[in-house]
Amino acid sequence: MNRYNTLKHIALALTLTISNIGFSQEWTVPEDAKSVVSSVPFSEMTQQQGKDLFNANCKSCHGAIGANAPLPLNPSPGDPASERFAAQVDGALFFKITNGRAGMPSFKNTLSDADRWALISYIRTFHPNYKGAVAENPSAVNTFKGGNIQMKVSFDDEKHMATVNLSGTENGSVVPASSVRVGAFVQRYFGQMKLGEPIKTNASGVATFEFPTDLQGDSIGQLKIIFKLIDEDKYGLVVAEQTVNWGEKFVYQNPLDQNALWGDRTAVPTWLLLSYFGVVLSVFAVIGWVVLQLLKLKNLK
Amino acid sequence: MSGMLNKEESKSRFDKIADDLIRPMTKNDGLSLQIWIFLLVTVLSLFGYAYFLQLRDGLGVTGLHDYASWGMYISNFVFFVASSLVGMLITAVLGLIGIKWITPIARIAEIVAVAFAMMAGLVIVFDMGRPDRLLNVFIYGRLQSPIVWDLTVVTSYTIISLLLLILPLIPDLAIIKRRLPNAPKWQLLLWNILSFGFVGTPAQYKSIHKMVRVLSILIVPVALAIHTVTSWLFASTLRHGWDSTIFGPYFVSGAFVAGVAWVILAMYFFRHQYNLKAYLHDEVFDKVGKLLVLVSLVYLYFNINEFLVPAYKMKAGDDHHILTLFTGSWAGLFWFSQIFGNILPIILLLFKRMRKPGYMFTIALLVIMGAWIKRYIIVVPTQLHPHLPIQNVPEAFHVYTPTGPEIAITLGTIGMAILIMTILAKIFPVISIWETAEEAGVDHETINQ
C-alpha cells in the first residue's frame, strides 16, 4: 500500500514537471493569425457583450479584470488587464482564445467568432494605450462596400455542387461583389437547417458549395436549398431558393403497421399472442381437468 | 395416533368436532345477526341509490375528471385484488410446504379470497360508468393492453379460488348432509349437488387430494400474475410515482399484508360469533400474528426501496410528487398508512403479549385502513402531477375530491364483499370438519359413517 502510494507521488511529480517544461515556454502565434482583425468595429455594444461573456466564461480562471487575481495555475492565466495581454495584437489574442493551450480551454466551438471579438473588445477597455485595430488597418476588412447585391445560383446536379454568383452596384457601376459571406441552408419542417459554414465570395464574386450526398429529401427526393447573405444588416435580405431532386427519398413507415406493443388489436406481436393463449389455454386446461375429475368423483369406489 | 383411539373414543371426538363446527350454520343468531344484516342492507341501499344516480347521470356524479380519471373506484379495485391474494398465500404457499396450523383458517382465507376476487371484477364495471361499456373490452380490447390481461387473470383467479373453496368442502358437505337430514329442502339440494356423490372411499379421498394439490400449484403463478398485472396498469406508464420497476413485487407484498389482516378480522369475528374458541385458539392467532410480521417486513422493505431511492435522486418531476407525499398535501395520509399500516404493527406484533385476539383485531383494523389509504395515494396523487402543467381547465381539476355517491358506491362494494363472506359462512362450515377430525386422530371410517 505504502509503496504504491510513493510510486504514485513520484509519477505525479514527474508529470507535473514535464508539463511545466512543456508549457512554460512562449506561446507562439502564427504570423497570419496575428494579422487577423475584427470585421466589426469595437463599440460600446460589443464591450458590454464582452463583459457579460467574460463574467460567464473566463472569470473563473482569470479572476475579475484588474484585480490581478487569476487562479494560481502553472502557467498562470494572467490578469487580462495586465501588460502581458496589452502587449499582444488583437489577432494573437483571438488565436489564443480560439485554440487554447493546456489549462486555457479552446473556445472555438463554444463561442462564435463575434463573441470572441466582443471579448477582446471588452478586454481592450483595460488597455489605456490601445488603438483600435479596425480603424488602423482598414485594408484588412476589404469586404464589398457597395449595395444592391444580386444573387445567381447554378447547380451541378451530378456533383451535388452549387455556384453562387454575386454582383452589386458600387460607385454607380455593376461589379462582382467579393468577400461577402454566403450561407447555405436546407428547408426543414420547423426552420432552415444550416449546411456547413458560410463561404466568402472570391474576387470575381463567386462562392462554390459542395453538398453531402445523403441529404434527406421528401418522398420523391426533392430538397429546397436556400442561399442567404449572412451580413443581412449590411446588405439587406438577399436570398435565392432552388429545389433540387437529388435528396434521399423519404420512405414513411407507419409504426402502427408493424406487429408491436403499440399496435392496434390487429397488430399483435406473435410472441405476445403465443404467450397469452399459451398461458390462458394451459390454465383453463387444468381447470377443465379438475371439473372433469369432480364429475367423475361419484364413480370412484 | 389414529391407531390408538378405539372406536368409541373416535366416535365421540368426531361428534364433538362435527357438532361444534356445524352448530353455527343451524343456530339462530338472533339479534346480533339481524343487526349485522341490517347494517349491511343499509349500506347496500345507499349503494343502490348512488348507483342509480350514476347510471342516470353518468360518471359526472363522481369527482373524477380529465386529470384524475382513476380515483376511489380504482384504488378500491387494487385494494380488493390485494385482499384476495391471501387465499393463495395460505392454501397454496403454506399448505404446499406442509404447515399444519393453517387447518382452522384455510377455509376462512379462501372465503376472503373468493369474496374479494368476485368484487374486484365488479368494481371495474362500476368504474366504467355505463356497464355495457364492459363489452368494449371484448370488442376493441388489445392483447397488448394490461387491461385485457387483468380481466383474464381476475377471472381465472376467481374460478380457481372458487374451486379451492369447494373441493375441501366436498367431504364436509357429505357429513353435514347426513347429520342434518331435516334441513330446508334447498339446502339439502345444494349440499347434494356440491358433495358430488362423495361417500368417503379411499379413491375419492385420493382424487380430492390430487385436485387440491394441482390447483394449489396452479394458483401460485395465477395469483402472482393477477397482482403483477394490476401493478402494470400503473407501472407500464411513464408517470411520476408509477414509473417503477419494482411495482409488481411491491404490490404482491402489500397484498399479503392486507389479506392476512382480513383473515385476522374474520378469525376474530368467527371465534366470538360462532363460539369457536377451541378451534381458533390463541395459538393460531399467535402464528398468524407472526405471519403478519413477516409479510409486513417484506412490504416495508419494498416501501423503503420504492420511496427512498427516488427520494435520494429527486429526478425532476418525481421530486414534486415525492415531496407532496412526504411533507405536502398528501403527507397525512402517507404517514398514516406507513406508520399505522406497516411500521407500528410490525413493532407491536413482535411482542408475544400483543399477539392475542383482542389486540390483533385492533391492529388488523389499522392495517386494513392503512392498506386502503395506501392504494388511494398510489393511484390519485400521480395523476395530479402530470408531465405537462394543468392549465386552462376548471379550477376543480387541480384536485380530486370524491363525491358522496362515489363514496357510497365504494362503501357498498366493501359491504357486498362482507355480505358474500357472511353468506358463505352461513351456508358452509367456516372450518373444515373432516380435516380437523383427521388431525384429531379420527379415522375416515368414523367420519363417513
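An account of the accompanying structure is given in this report. (Residues numbered from 1 in each chain as written. Chains lettered and ligands numbered in written order. Predicted model: local features only at pLDDT ≥ 70, side-chain atom pairs only at ≥ 80, totals over all residues. Heavy atoms only, no water.)

**As for unusual backbone geometry**
The following threshold applies: By definition, any uninterrupted DSSP run of H or I lasting at least four residues is a helix, any uninterrupted run of E lasting at least two residues is a strand, and each is numbered from the N terminus.
In this structure, Pro75(A) follows Asn74(A) across a cis peptide bond, with omega equal to 0 degrees. With respect to the secondary-structure elements, Pro75(A) resides in the loop between helix 4 (59-62) and helix 5 (83-86). Unusually for a residue other than glycine, Asn68(A) sits at a positive phi of about 50 degrees. Locating Asn68(A) in the fold gives a position in the loop between helix 4 and helix 5. In the Ramachandran plot, Met314(B) falls in the positive-phi region, its phi being about 50 degrees despite a non-glycine side chain.

**Section: the interface of chain A and chain B**
We apply this condition: In what follows, a contact means two residues having at least one pair of non-hydrogen atoms within 4.5 Å. By convention, the term buried area covers the 1.4 Å-probe accessible surface removed from two parts as they join, with the contributions of both added. Salt bridges are identified by distance alone: a Lys or Arg side-chain nitrogen within 4 Å of an Asp or Glu carboxyl oxygen. We call two N or O atoms a polar contact when they sit within 3.5 Å, provided that within protein one can donate a hydrogen and the other can accept it, with sequence-adjacent residues counted only if both atoms are side-chain atoms. Put simply, Ala, Val, Leu, Ile, Met, Phe, Trp, Tyr, Cys and Pro go in the nonpolar bin, Asp, Glu, Lys and Arg in the charged bin, and everything else, Gly too, in the polar bin.
On the chain B side, the residues contacting the 27 residues of chain A number 31 residues. Summed over both partners, the interface of chain A with chain B buries about 2,400 Å², with 77% contributed by carbon and sulfur atoms. Linking chain A to chain B there are zero salt bridges. Linking chain A with chain B are 12 residue pairs in polar contact (both at pLDDT 80 or more). Grouping the amino acids of the side of chain A that touches chain B by side-chain chemistry returns 21 nonpolar, two polar and four charged.

**Some thoughts on the pattern of salt bridges**
Residue and element names in this part refer to chain A. For the record, the criterion: Exposure is judged per residue with a 1.4 Å probe applied to protein chains only, and the accessible area is read against the type maximum: over 50% gives exposed, under 20% gives buried, and values in between give partly exposed.
If you walk through the whole model with that rule in mind, you get 19 salt bridges over all chains. Glutamate 31 serves as the salt-bridge partner of lysine 34, at 3.5 Å between the closest nitrogen and oxygen. Of this pair, lysine 34 and glutamate 31 both sit in helix 2 (residues 31-34), three residues apart, which is roughly one turn of the helix. Classification of lysine 34 by relative accessible area gives partly exposed; the value is 34%. On the accessibility criterion, glutamate 31 (59% relative accessible area) is exposed.

**Description of a nonpolar patch on the surface**
Residues and elements named next belong to chain B. Rules: Distance thresholds for patches are 9 Å for like charges and 5 Å for nonpolar side chains (Val, Leu, Ile, Met, Phe, Trp, Tyr), applied to residues having over 30% relative accessible area and no salt bridge. Exposure was quantified through the Shrake-Rupley algorithm and a 1.4 Å probe, taking into account, for residues, occlusion by the shown protein chains and nothing else.
Where nonpolar side chains cluster on the molecular surface, the patch consists of Trp335, Ile339, Phe340, Ile343, Leu344, Ile347, Leu350 and Phe351 and spans about 690 Å² of accessible area. Its place among the elements puts isoleucine 339 in helix 14 (residues 331-349). With relative accessibility at 34%, the residue isoleucine 339 sits in the partly exposed group.

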